[in-house]
Amino acid sequence: MTHSPLKFVKRCCPAFFVLLFLFRAAAAQTLPKVLPDTALVPTLELFKAIKRVEAARAVELIKVDGVLNESVWQRNAITDFTQYQPSEGDTATQRTEVWVAYDDAAIYVAARLYDTHPDSISRAFGRRDAGVPADWFRVELDAYHDRRTGFLFLVTPSGSVSDGVIYNDEYDDDSWDGVWSVATKIDDKGWIAEMRIPYSQLRFAKAESYVWGINFTRFIQRRNEFDFFARVGQSESGRASKFAELHGIQNIAPPPRFALIPYLSSSGKFTPAIANDPFRTGQNYGGNIGADLKLGLGSNLTLDATVNPDFGQAEVDPAVVNLSAYEVFYEERRSFFIEGSSIFDFGNGGANDSWNFNWGNPQFFYSRRIGRRPQGSPVHEGFSDIPDGTRILGAAKLSGNVADQWTLGALSAVTASEFARVDSSGTRFSDEVEPLAYYGVVRSQKQFGNGRQALGMMGTATVRDLSNPAFTSQMNRSAFSFGLDGWTFLDSAKMWVVTGYAAGTSVQGSPEDILRLQRSPVRNFQRPDATHVEVDSAATSLGGWVTRWYLNKQQGDWTMNVGLGAVSPGLETNDLGFNTRTDLINGHIAVTYRWFKPDNVFRTKRASVATFRGFDFQGNLLQSGYYAGFNGQLVNWWGGGLNLSVFDQTLDSRQTRGGPLMYLPGGVNLNFFTYSDDRQNIYVETYGSGFRGTSNAWNFEAGVDLTLRPLPQLRVTMGPSFSREYTPVQYVSTVQDAAMTETFGARYVFADLTQTSLVANARVDWAFTPKLTLQLYTQLLFAVGDYANFKELARPSTIDFNVYGEGGSRITPTENG
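What counts, and where the lines are drawn
- Residues numbered from 1 in each chain as written.
- Predicted model: local features only at pLDDT ≥ 70, side-chain atom pairs only at ≥ 80, totals over all residues.
- Heavy atoms only, no water.
- Helix = DSSP H or I, 4+ residues; strand = E, 2+ residues; numbered from the N terminus.
- Buried < 20%, exposed > 50% of the residue type's maximum accessible area, 1.4 Å probe, protein only.
- Contact = heavy atoms within 4.5 Å.
- Areas by Shrake-Rupley, 256 points an atom, 1.4 Å probe, with all protein chains shown as cover.
- Pairing = 2+ DSSP bridges.
- Axes fitted to C-alpha atoms, helices over the stretch in contact; angles between N-to-C directions.
- Arc of directions from axis to C-beta.
- Core = buried A, V, L, I, M, F, W, Y, C linked by side-chain atoms within 4.5 Å.
- Salt bridge = Lys/Arg side-chain N within 4 Å of Asp/Glu carboxyl O.
- Polar contact = N/O pair within 3.5 Å; in protein donor to acceptor, adjacent residues only side chain to side chain.
- Patch = residues over 30% accessible without salt bridge, like charges linked within 9 Å, V, L, I, M, F, W, Y side chains within 5 Å.
- Phe/Tyr/Trp six-rings, centres within 6.5 Å; stacked < 30°, edge-to-face > 60°.
- Lys NZ or Arg CZ within 6 Å of the ring centre and 35° of its normal.
- 1 Å grid on protein atoms, 1.4 Å probe; cavity = no way out; pocket = protein on both sides within 12 Å on 5 of 7 lines; lining within 4 Å.
- Points joined across faces, edges and corners; volume = space filled by probe spheres on them.

## Examining the overall build of the chain
Thought 1: Helix and strand counts for the chain come out as 4 helices and 41 strands.
Thought 2: Expressed as a percentage of the 817 residues in the chain, the buried residues total 49%.
Thought 3: For the chain, the share of sequence-separated contacts (at least 6 apart) that also reach a separation of at least 24 residues comes to 65%.
Thought 4: Taken as a whole, the chain presents about 37400 Å² of accessible surface, with 56% of it coming from carbon and sulfur.

And the structure:
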């Protein structure tokens, strides 16, 4: 069966652009009415503390070589640096001089970093964004001057670089890789860094003169000393909002931005051959060709497009043993989707710390759905060869600012029909295993009052071509979501903030498909003792909603976080998002006290306590417990923490996989972690946890992450871990039996399970130069499970069992054991 991708795109794209138009129209009519930009403007007293930096126009060509002999570097330098750590507020122990210059094409930053012991400068280097243990100097620029976003550029004395974006005022994302140049030099006075950052890497609107946000940070590795030009206190929140102001840049214009990157790749896969399988011969070769395009649309928007994107550099996912009914979440590793992904973050803005206990925020955009492994199965019996992933015919991503403090992100992708090769007794078939599909995401957010309030919107759309009847019972024909999020600070100091979101979903499909969703482990509408949900076998759609709100106190010695949320039974985000739980009302209260002043033992420390509860929509108590934790860093830069959780006895609506409620005993869980001084050539992290339940269930896990740096350019990381677990209520199967009236006509079979796992990870990063590295990753996984003492649930809402082989029953082994 064949399909026309062009015809399918024509059908899908109007829905996407209508969605985008509605976003723009709704925002244009509602956003300015919510709160004017003049509301809650920071007081004049706040702005008095903002430092000022003057940029000078270069009158000669600046050669980026680490030699500061140009005239623009001979003027007075910026030297006012103070410590963030280890002695907050004190003058930096080493002198730092910084200059800023510009010309028609780029902004330049030069730094002379004096050191009284230049032979002690840490000179390790590694691959880009690797976070090598070395001294470094960082520049942060908020060219749009919205006091919430920016770009960062970091360099070490050996020339290793890191770069990224800043969002939500204080978070950073190193997935963005800019095109900029830097040179460093080490001499008898210390070291020098000279940077050239083209305007094409920044985002700003054309003007006669500019005021940007800027900050400089120096790190002295041997002292663990962070020195800031514009300082943020350890007990404060915010980052971009605390930047100094950069003045003096005039008569420049944002340049056009265009880049075309073609690629050609080859691959080889070598696995053990399987007898008589024509597709498992032991070796398989392949190739790929495609191109990426980056185009600037105006001064603030960027269009990224790709045809058959290159995912050859994506790192392999770690192996896991999953005995649950729920999907494993894997991090996105493909560069096209990673870069700029922060613009699609939903529901977490404003707050700098959002605690959650037994609550997983449903994701509305999980980019690994695009290009996933085919979901269907071959219809013919025999040996089969199913593609590892679905080809992405084309994808485009639009991101940037459309107005003052107004961001926009949009992504569209079309994936191909995929076919499996099947060999049935020598006869070959081509069976479709994934239909042609369209995916679309739109994200927009408007901020007010210099980031003190914000209102955002997000929508997603998935449309599949299900003309093949084999797919109509396996996947949704279409799926849509729409949500609003935002935040508001309750005081001018940005100490108290309320943040949250509300969203809804709607999916459409055949009655068989919607029945599949209702009975899936995420929902379990078929639960026989549930009075608030029921299965509708004639339904052709499913809808649901979710909301979550937080109140944060996020400055000062003590902080507080209160969260309350609810997710309805019908929520479904898994076509383009990720969610494993519905039917939950959950809340918590957490309080933390922090000590930032060193004493004779600790450099810093913090203690937290919390309580949490969770109910389903029928009112059954599903979650209840308490938490206490302490962590700190010793004066020798070692540290660790200890956390204790106590769980009350509750009910469990998911253990029987669609059956009645079960009693869930309480228990105690203890976690710890330690770490050594990461400045040393041998760095050790340890961790462990142990649980003991009132039903005799127990588990423990322990692991070590060891990092060795035998050479400045070589890092070897090894991470063995061991775990062992015993549970007396491991689900095995459900067997229908009308005689089992007490458990609603079915036998819910469980067993005791003792499971042991040993995992060993190893990674090697060898940097030949700051721009050329070799990376190696391996993983060994050994896991074994022993099932015993098979039994069936005797009564709902209990943990009572009828044990097979007792009370007159018997177990008869089958031929397969």
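## Section: the pairing of strand β35 (residues 667-675)
Thought 1: Note that strand β32 (residues 639-647) and β35 share 9 bridges and pair antiparallel. Bridge pairing in β35 places S645 opposite N669.
Thought 2: Judged from the 9 bridges that link them, β35 and strand β36 (residues 682-693) form a sheet pairing that is antiparallel. Each bridged residue has a counterpart across the sheet, and for L670 the counterpart in β36 is G690.

## Here's the deal with the sheet that holds strand β22 (residues 427-434)
Thought 1: Taken in spatial order, the 3 strands line up as β18-β21-β22 in an open sheet, and their pairing is antiparallel. In this open sheet, the two strands that pair with only one neighbour each are β18 (383-385) and β22. Taken pair by pair, the neighbouring strands of this sheet meet at an average axis angle of 25 degrees, ignoring direction.
Thought 2: As paired elements, β18 and strand β21 (residues 418-424) share 3 bridges and run antiparallel to each other. By the bridge assignment for β21, F383 is matched with D423.

## Considerations on helix α4 (residues 511-519)
Thought 1: Residues D513, I514, L517 and Q518 constitute the buried set of α4. With its buried residues spanning 140 degrees around the axis, α4 presents them on a single face.
Thought 2: The inward-facing, buried residues of α4 contact β26 (496-508) and β27 (541-553).

## Section: the sheet that holds strand β10 (residues 181-187)
Thought 1: Reading across the sheet, the 5 strands line up as β2-β4-β5-β11-β10 and stay open at both edges, with mixed pairing between neighbours. The sheet terminates laterally at β2 (56-57) and β10, the two strands that pair on one side only.
Thought 2: Sheet topology note: the strand β4 (residues 96-102)/strand β5 (residues 106-114) ladder contains 7 bridges and is antiparallel. Note that in β5 the partner of T96 across the bridge is L113.

## A closer look at the nonpolar core
Thought 1: Counting residues in hydrophobic clusters, the biggest one holds 41 residues, and the most contacted among them are I107, F137, L141, L202, W212, F216 and L246.
Thought 2: Sorting the residues of this core by element identifies β4, β5, β6 (136-142), β7 (150-155), β8 (161-167), β11 (190-198), β12 (209-220) and β14 (244-250) as the ones contributing at least two each.
Thought 3: The residues touching F216, leaving out its near neighbours within four places in the chain, are V53, I78, F81, V98, V100, V109, F137, R138, V139, D227, F228 and F229.
Thought 4: By size, the runner-up hydrophobic cluster in this structure holds 27 residues, among which are Y439, M458, V567 and L576.

## Comments concerning the pattern of salt bridges
Thought 1: Counted under the stated rule, the structure contains 34 salt bridges.
Thought 2: Between E88 and R231 there is a salt bridge whose closest N-O contact spans 3.3 Å. Note that E88 is positioned in the loop between β3 (82-85) and β4 and R231 in the loop between β13 (225-228) and β14, a separation of 143 residues in sequence.
Thought 3: The exposure class assigned to E88 is partly exposed, which follows from its relative accessible area of 32%.
Thought 4: Judged by its relative accessible area of 37%, R231 falls in the partly exposed class.
Thought 5: Among the ionic pairs, D737 bridges to R747, the shortest N-O distance being 2.7 Å. You can see D737 sitting in the loop between β38 (714-736) and β39 (746-769) and its partner R747 sitting in strand β39, a full 10 residues away along the chain.
Thought 6: Overlapping salt bridges bring together R138, E140, D172 and R239 as one network.

## Some words on the side chain of D485
Thought 1: Mapped onto the secondary structure, D485 falls in strand β25 (residues 478-489).
Thought 2: Judged by relative accessible area, D485 falls into the buried class, the value being 4%.
Thought 3: At a separation of 2.8 Å, a polar atom in the side chain of D485 contacts the side chain of R443.
Thought 4: Those residues in contact with D485, other than ones at most four positions away along the chain, are F346, G347, R443, Q445, A454, L455, G456, M457, G500 and Y501.

## Quick notes on a nonpolar patch on the surface
Thought 1: Taken together, the side chains of W558, I589, V591, Y593, W595, V609 and F630 make up a nonpolar region of the molecular surface, amounting to roughly 600 Å² of accessible area.
Thought 2: With 4 residues, the top contributor of residues to the nonpolar patch is strand β29 (residues 584-595).
Thought 3: Topologically, V591 is positioned in strand β29.
Thought 4: Since its relative accessible area comes to 32%, V591 is described here as partly exposed.

## Re the packing of aromatic side chains
Thought 1: Tallied over the full model, the rule gives 39 aromatic pairs.
Thought 2: A centroid spacing of 6.0 Å and a plane angle of 45 degrees characterise the contact between F700 and F722, whose relative ring orientation is tilted. One end of the pair, F700, is in strand β37 (residues 698-711); the other, F722, is in strand β38, with 22 residues separating them in the sequence.
Thought 3: Among the aromatic side chains, those forming a connected cluster through ring pairs are W355, F357, F612, Y627, F647 and F691.
Thought 4: Taking NZ or CZ as reference, K791 lies 5.1 Å from the ring centre of F801, over its face.

## Some points on the environment of V414
Thought 1: As for its position among the elements, V414 is in strand β20 (residues 406-415).
Thought 2: Between the C-alpha atom of V414 and that of R527, which follows or precedes it by 113 residues, the distance is 37 Å.

## Observations concerning the environment of G509
Thought 1: Tracing the backbone through its elements, the reader meets G509 in the loop between β26 and α4.
Thought 2: Along the primary structure G509 and R452 are separated by 57 residues, whereas in three dimensions their C-alpha atoms are 42 Å apart.
Thought 3: G509 has contacts with R477, I514 and T540, leaving out every residue within four places of it along the chain.

## Focus on the pairing of β25
Thought 1: By the bridge criterion, 11 bridges tie strand β24 (residues 453-464) to β25 in an arrangement that is antiparallel. Looking at β25, one finds that T462 is bridged to A479.
Thought 2: Taken together, the 12 bridges between β25 and β26 define a ladder with antiparallel strand orientation. Bridge assignment links G483 to a residue of β26, and that residue is A503.
Thought 3: If you look at the hairpin formed by β25 and β26, you'll find 6 residues sitting between the two strands, and K494 has a positive phi there, around 60 degrees.

## Details of empty space enclosed by the protein
Thought 1: The final tally for this structure, using the stated rule, is 5 cavities of 30 Å³ or more.
Thought 2: Estimated volume of the largest cavity: approximately 130 Å³.
Thought 3: Around the largest cavity sit 18 residues that line it, and F125, G126, V132, Q713 and R715 are the ones nearest its centre.
Thought 4: For the lining of the largest cavity, the secondary structure elements donating two or more residues are β37, β38 and β39.
Thought 5: In terms of residue count, β39 provides more of the lining of the largest cavity than any other element does, 3 residues in total.

## A look at the side chain of S608
Thought 1: Here S608 shows up in strand β30 (residues 602-615).
Thought 2: In this structure S608 comes out as buried when scored by relative accessible area, which is 8%.
Thought 3: Looking at S608, its side chain comes within polar contact range of the side chain of T592, at 2.7 Å.
Thought 4: S608 has contacts with W355, V591, T592, Y627, A628 and G629, leaving out every residue within four places of it along the chain.

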